[in-house]
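Working through the structure, step by step
One letter stands for each residue in the lines below.
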Amino acid sequence: MLCITPAMAFCTDDPNMRNEWLTVGSARNLHGSSAQRPQTARLLGENLALWTGPDGLPVCHGPQGPLAVRQHCGYLWVCCGSTPTRPLFVLPESTDPARRLVDCGGIGVATSGLRVVENFLDMGHFPFVHAGTLGQLPHTEVLPYRVEIDPHSDEILATGCQFYQPRASASADTGLMAQYRYRVMQPLCAALYKSSPGRPGAQDVIALMVQPLDEENAIAHCLLVYFEDQLSDAALISFQQAIFGQDKPILENQRPRRLPLDGPLETHMRCDLASVTYRRWLKGRGMVFGVHAPTAAAP
Amino acid sequence: MISLYDYELSGNCYKVRLLLHWLGLEYTRIPVDFHPGREHQSPAFLDTVNPLGQLPVLQDGDFRLRDAQAILVYLASQYDTDQYWYPSDARVRGNITLWLTVAEQLNHTAAAARLQRSFGYAGDSAACQQGANAVLRQLDDQLAEQHFQGRHWLAAEHPTIADIACFPYSALAGEAGLDLIGFPALRQWIDAMRHQPGFITMPGILAVRFAKMLT
């Protein structure tokens, strides 16, 4: 048992983070770990120790003792509070034997994790930031799409999205109107469903799972759940990391680093419907962590 | 036939891609799963590609070469018939070699800090950043000195492999948590590099066209 000393563990009391399953990265990282030689991971301002227990299940200790931990979709998920308020999201495609799962690795990004998720939902930046792959000037128009909140799961669903993409994936060799569908399952977890190259009607899945280090630093983990069976893992990872590597400087230059949920700091357009819904959805949950708190206006 | 063992987000791989592109050389890219797979440390890679477990590695016919700076020297010597990128003048070559070693110092400082912040590597990030600032200061001083003499490049009247070697981790300083506000000559030089005809970028270094739209 670990010694309990700090009066206040973790950098937030926001139940949206404390009572939530949060990822600390790929379960593969625990290979070779033990209670004597644990892996460390940072979450909500604290260092966690993780290892594989004698029963083969993951074990996690935080600054004040054991924490709930489980494995899901090949990643480790930790709850830093007493009870997770909601179950972990479901990703049925991840157990489809016709698909392969490719962990693209975590990449650190110096901004609020909420901004990373919001950027993931945004199609408007494709032709500017991802020119030559996910978009191409002058094809800048974001056609109307629908956004709703599923009354049962409380997930955000954006459907009917389409965008001209010169090279929509690592295996694409011609431009196409890519069909997209988004899910936001948790404040820091979203998934993108997009046309699978060479498989009419089928959709590949890209899941984004953000590990919040603190309010202004995160690690973005990306999982591919693909039908693709030609390219190597290295080729798929290379394509995906190039995309995120282009997003990273944009994200790190956004000010404020924390996401404003309302107010005059940022202006939205119709193409931002998914982002607007995401911010309202966060506000409805009383999200505080990683959120920009406006200072009171001068009298 | 040239092949490059390559990692998209590596500044050292990028500098080789940049020179290959400027020399108009066709090559095959062999993507290596540096992160998260650590393929460059796998037994297969160590046994058959590079026992030091580093990227990039160049294969040109039966000739194999590791180390980005060495690869720049080789490619320019072998394929740049105009001797633009690696002039034969003794003084210029002396200076180029000096800045190639400075590029290696950036690997141990700025590139290391970036690995820690972006890829979760262990290490003393603050010490690496402090070291990086000292190296960037050398570059800024040299470029300011050159500027007063009407020149804009590290070792010659025009860009050479010295500039290519030092460029990536200078331009990626933000990802290492460094601020270039105190290095005005360096910032001007980064901008000049990005405006060179035929310049190609890498993730993390903004394309000129896009940067113009932001301002």
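If you're wondering where the values come from, they're calculated on a predicted model, not measured in any experiment.

Quick look at the pattern of salt bridges
Residues and elements named next belong to chain A. Applying the stated criterion across every chain yields a total of 21 salt bridges over all chains. Among the salt bridges present, the one from Arg258 reaches Glu216, with a minimum N-O distance of 3.0 Å. Of this pair, Arg258 sits in the loop between helix H4 (233-253) and helix H5 (273-284) while Glu216 sits in the loop between strand S12 (203-214) and strand S13 (217-226), and the two are 42 residues apart along the sequence. For Arg258, a relative accessible area of 28% translates into the label partly exposed. Linked through salt bridges whose partners overlap, the residues forming this network are Arg115, Glu118, Glu266 and Arg279.

Here's the deal with the interface of chain A and chain B
Facing the 23 residues of chain A at the interface are 20 residues of chain B. Between chain A and chain B, roughly 1600 Å² of surface is buried when both sides are summed, and carbon and sulfur atoms account for 65% of that area. Taken together, the connections running from chain A to chain B amount to seven residue pairs in polar contact (both at pLDDT 80 or more).

A few points about the side chain of Asn119 of chain A
Residue and element names in this part refer to chain A. As for its position among the elements, Asn119 is in helix H2 (residues 113-121). Residue Asn119 is classed as buried on the basis of its relative accessible area of 11%. For Asn119, the side chain forms a polar contact with the side chain of Asp247, separated by 3.3 Å. In this view, Asn119 contacts His125, Asp247 and Leu251; residues no more than four positions away in its chain are not counted.

Quick word on the packing of helix H7 (residues 161-171) of chain B against helix H8 (residues 184-194) of chain B
Residues and elements named next belong to chain B. Viewed as axis vectors pointing N to C, H7 and H8 meet at an angle of 110°, and their least axial separation amounts to 10 Å. Taken as axis vectors, H7 and H8 run roughly perpendicular relative to one another. For the pair H7 and H8, the crossing hand works out as left-handed. From H7, Asp163, Ile164, Cys166, Phe167, Ser170 and Ala171 reach across to H8, where they touch Leu186, Trp189, Ile190, Met193 and Arg194. Considered class by class, the residues forming the contact of H7 with H8 number eight nonpolar, one polar and two charged.

A closer look at the sheet that holds strand S4 (residues 63-66) of chain B
Residue and element names in this part refer to chain B. The strand order across the open sheet formed by four strands is S2-S1-S3-S4, and the pairing between neighbours is mixed. Where the open sheet ends on each side, the last strands, each with one partner, are strand S2 (28-31) and S4. With direction set aside, neighbouring strand axes in the sheet form an average angle of 20°. Strand direction decides the pairing type here: strand S3 (residues 57-60) and S4, joined by four bridges, are antiparallel. Counted as the bridge partner of Gln59 is Arg64 from S4. Against the sheet, helix H3 (residues 68-79) makes contact with strand S1 (2-6), S3 and S4, and its axis sits at roughly 140° relative to S4, the strand it touches most.

Re the packing of aromatic side chains
All names here are of chain B. With the rule as written, the count across this model stands at 17 aromatic pairs over all chains. The interplanar angle of 55° and the centroid separation of 6.3 Å between the aromatic rings of Trp22 and Phe199 together place this pair among those described as tilted. Of this pair, Trp22 sits in helix H1 (residues 11-22) while Phe199 sits in the loop between H8 and helix H9 (208-214), and the two are 177 residues apart along the sequence. The exposure class of Trp22 is buried, given its relative accessible area of 17%. Ring centres 4.8 Å apart and planes at 45° place the aromatic pair Phe63 and Tyr74 in the tilted group.

Regarding the domain arrangement of chain A
Interfaces are often sized by the amount of accessible area the parts lose when they come together. Residues and elements named next belong to chain A. Examined at the domain level, chain A breaks down into domain 1 (15-79) and domain 2 (92-284). Each of domain 1 and domain 2 has a C-alpha centre, and the two are 26 Å apart. Contact with domain 1, which involves 17 residues of that partner, is made by 16 residues of domain 2. Together domain 1 and domain 2 conceal approximately 1200 Å² of surface at their shared face, both sides included; 62% is due to carbon and sulfur atoms. The largest share of the area that domain 1 buries against domain 2 comes from Thr23, Cys73 and Tyr75, three residues that together contribute 37% of it. The tally of links from domain 1 across to domain 2 stands at one salt bridge. Where Arg28 meets Asp103, a salt bridge forms, and the shortest distance between an N and an O atom there is 3.2 Å.

Description of H3 of chain B
All names here are of chain B. Here H3 is twelve residues long and its end C-alpha atoms lie 16 Å apart, about the 16 Å a rise of 1.5 Å per residue gives. Buried within H3 are the following residues: Ala68, Gln69, Ile71, Leu72, Tyr74, Leu75 and Ala76. Buried residues along H3 sit against S1, H1, S3, S4, helix H4 (90-108) and H7. The N-terminus of H3 is capped by Asp67, whose side-chain oxygen sits 2.9 Å from the backbone nitrogen of Gln69.

Thoughts on the sheet that holds strand S1 (residues 21-26) of chain A
Residue and element names in this part refer to chain A. Taken in spatial order, the six strands make up an open sheet running S1-S6-S5-S4-S3-S2, and their pairing is antiparallel. Edge strands, defined here as strands with exactly one partner in the open sheet, are S1 and strand S2 (39-43). Each neighbouring strand pair of the sheet contributes to a mean axis angle of 35°, computed without reference to strand direction.

Parameters and conventions
Residues numbered from 1 in each chain as written. Chains lettered and ligands numbered in written order. Predicted model: local features only at pLDDT ≥ 70, side-chain atom pairs only at ≥ 80, totals over all residues. Heavy atoms only, no water. Salt bridge = Lys/Arg side-chain N within 4 Å of Asp/Glu carboxyl O. Helix = DSSP H or I, 4+ residues; strand = E, 2+ residues; numbered from the N terminus. Buried < 20%, exposed > 50% of the residue type's maximum accessible area, 1.4 Å probe, protein only. Contact = heavy atoms within 4.5 Å. Buried area = accessible area lost by both parts, 1.4 Å probe. Polar contact = N/O pair within 3.5 Å; in protein donor to acceptor, adjacent residues only side chain to side chain. Axes fitted to C-alpha atoms, helices over the stretch in contact; angles between N-to-C directions. Parallel < 35°, antiparallel > 145°, perpendicular 65-115°, else oblique. Left-handed = near helix turned anticlockwise from the far one by under 90°. Nonpolar A, V, L, I, M, F, W, Y, C, P; charged D, E, K, R; others polar. Pairing = 2+ DSSP bridges. Phe/Tyr/Trp six-rings, centres within 6.5 Å; stacked < 30°, edge-to-face > 60°. Domains from an automatic or database assignment. Expected span 1.5 Å × (residues − 1).

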